[in-house]
Amino acid sequence: MHPSILNWAFQPTPATGKLKCKHIFHAVVPQFPRQWQSNWVDGLESLLFDIFSRTDNMGYESIALPVIGTRKGGAPIDFVIDLICASIDKFATTKTSIKGLRTVMVVHPDKRVVDTIEHRSLKATQDNGNSYFLSVVDREKDTCPVCMEELASSKLKQLYRCKHIFCKTCIKKCFIQTPACPVCNMVYGKLTGNQPDGIMIECFQNDINLKGYKKCGVIKIFYSFLDGKQSQGHPNPGKVYRGTKRTAYLPDNTEGQKVHRLLRRAFEQRILFTIGSSRTTGKEDVVTWNDVHHKTRIDGGPARFGYPDPGYISRVLDELAAKGITEE
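Anyway, here's the lowdown on the structure attached to this text.

Rules used in this analysis
- Along every chain, residues carry numbers that run from 1 in the direction the sequence is written.
- For this predicted model, a pLDDT threshold of at least 70 governs which residues receive local features, and a threshold of 80 or more governs which side-chain atom pairs are given and counted, while totals over whole chains, interfaces and linings are taken from all residues.
- Only hydrogens and water are set aside when side-chain values are computed; all heavy atoms of the structure are taken into account.
- Put simply, DSSP marks the helices as runs of H or I at least four residues long and the strands as runs of E at least two long, and each gets a number from the N terminus on.
- Accessibility here uses a 1.4 Å probe with only protein chains present; expressed as a share of the type maximum, an area under 20% marks a residue as buried, one over 50% as exposed, and anything in between as partly exposed.
- When checking whether two residues touch, look at their non-hydrogen atoms; a contact exists if any pair is within 4.5 Å.
- Per-residue and other accessible areas follow the Shrake-Rupley method at a 1.4 Å probe size, with only the shown protein chains counted as cover for residues.

1. Section: the overall build of the protein chain
Turning to step 1, where the next piece is worked out: When helices and strands are counted, the protein chain shows six helices and 17 strands.
Turning to step 2, where the next piece is worked out: The buried share of the protein chain, taken over its 328 residues, is 40%.
Turning to step 3, where the next piece is worked out: Of the contacts formed within the protein chain by residues at least 6 apart in sequence, a portion of 56% connects residues at least 24 apart.
Turning to step 4, where the next piece is worked out: For the protein chain, the computed accessible surface area is about 18,900 Å², with 51% contributed by carbon and sulfur atoms.

2. Focus on the side chain of Gln-269
Turning to step 1, where the next piece is worked out: By the element assignment, Gln-269 lies in the loop between helix H5 (254-268) and strand S16 (273-276).
Turning to step 2, where the next piece is worked out: Gln-269 sits in the buried class, given a relative accessible area of 8%.
Turning to step 3, where the next piece is worked out: In this structure Gln-269 touches Lys-190, Leu-191, Thr-192, Gly-193 and Ile-325, once residues within four positions along its chain are discounted.

3. Some details on unusual backbone geometry
Turning to step 1, where the next piece is worked out: The omega angle of the peptide bond from Tyr-307 to Pro-308 is 5°, so this bond is cis rather than trans.
Turning to step 2, where the next piece is worked out: Residue position: Pro-308 is located in the loop between strand S17 (286-289) and helix H6 (312-322).
Turning to step 3, where the next piece is worked out: With a phi angle near 65°, Met-148 is a residue other than glycine that sits in the positive phi range.
Turning to step 4, where the next piece is worked out: Among the secondary structure elements, Met-148 is positioned in the loop between strand S7 (141-143) and strand S8 (150-152).
Turning to step 5, where the next piece is worked out: Looking at Met-148, the relative accessible area reads 57%, which means it is exposed.
Turning to step 6, where the next piece is worked out: Although it is not a glycine, Asp-285 sits at a positive phi angle of roughly 55°.
Turning to step 7, where the next piece is worked out: With respect to the helices and strands, Asp-285 occurs in the loop between S16 and S17.
Turning to step 8, where the next piece is worked out: For Asp-285, a relative accessible area of 9% translates into the label buried.

Here you go:
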């Protein structure tokens, strides 16, 4: 790019106040140059692709986008709309998962401009695995581990992920209370926990690297919970609990971005934290981790809850999967 054109950049920040969105991307777009148009086009396409990729990696399904770069001294609107459409199409061809970004909405105060582009949806295949139970066909009889009765295969059902077998009556009763395997606790469906109200904020730092991960930057996650009063589903309803603030770190690479997406989903399902006894201080009625381990230091190794720890990503994915949080 020509040296007179400033660097393209964007930074996601959490939305605050009454805004209904979860994040806002602040983008820096250089003035449209008449004589170096090809460099400007390359810059805008790269910026849009990076914004779409970051949105997708954060696990969000939609983004609202202005006709960027068309204000005073900017590019012609029709020209930028064509670039936006091309960038959407380019990004859509790179998606390998049905999760993440699926809809890009282009907004503009002039309805005639909006009508030329409308909503662009990224095609995604819907998961049709609605049933958790499989028929048992490879044996004549088996014993249900809940009621301990030996039954014919026609009266048995097998859970499709963990493969444990139960009688139809028992497993259906169990799933009414908790959608999890009574033997191994593998979660099926969406589990909602008793995590109190709090916030999860993330930022992305390219000037820091975790030990064991070179030149990929860091995803820094902040959790904050105020003091409050316990409600139904907590150990001592009506009693005051103490809040907490925690900071966690992930590598900003493919693996770390996946864990970040799943942690966000687990937080929204209220299963990352709970109210109970602190394992480190022994205090009662405090907000504490709920069996999904986080790295709270950038160094120090496993003994100090930091990096390097080559097995951490695999372990935390297993912990999240045990709570039904996966990308499958």
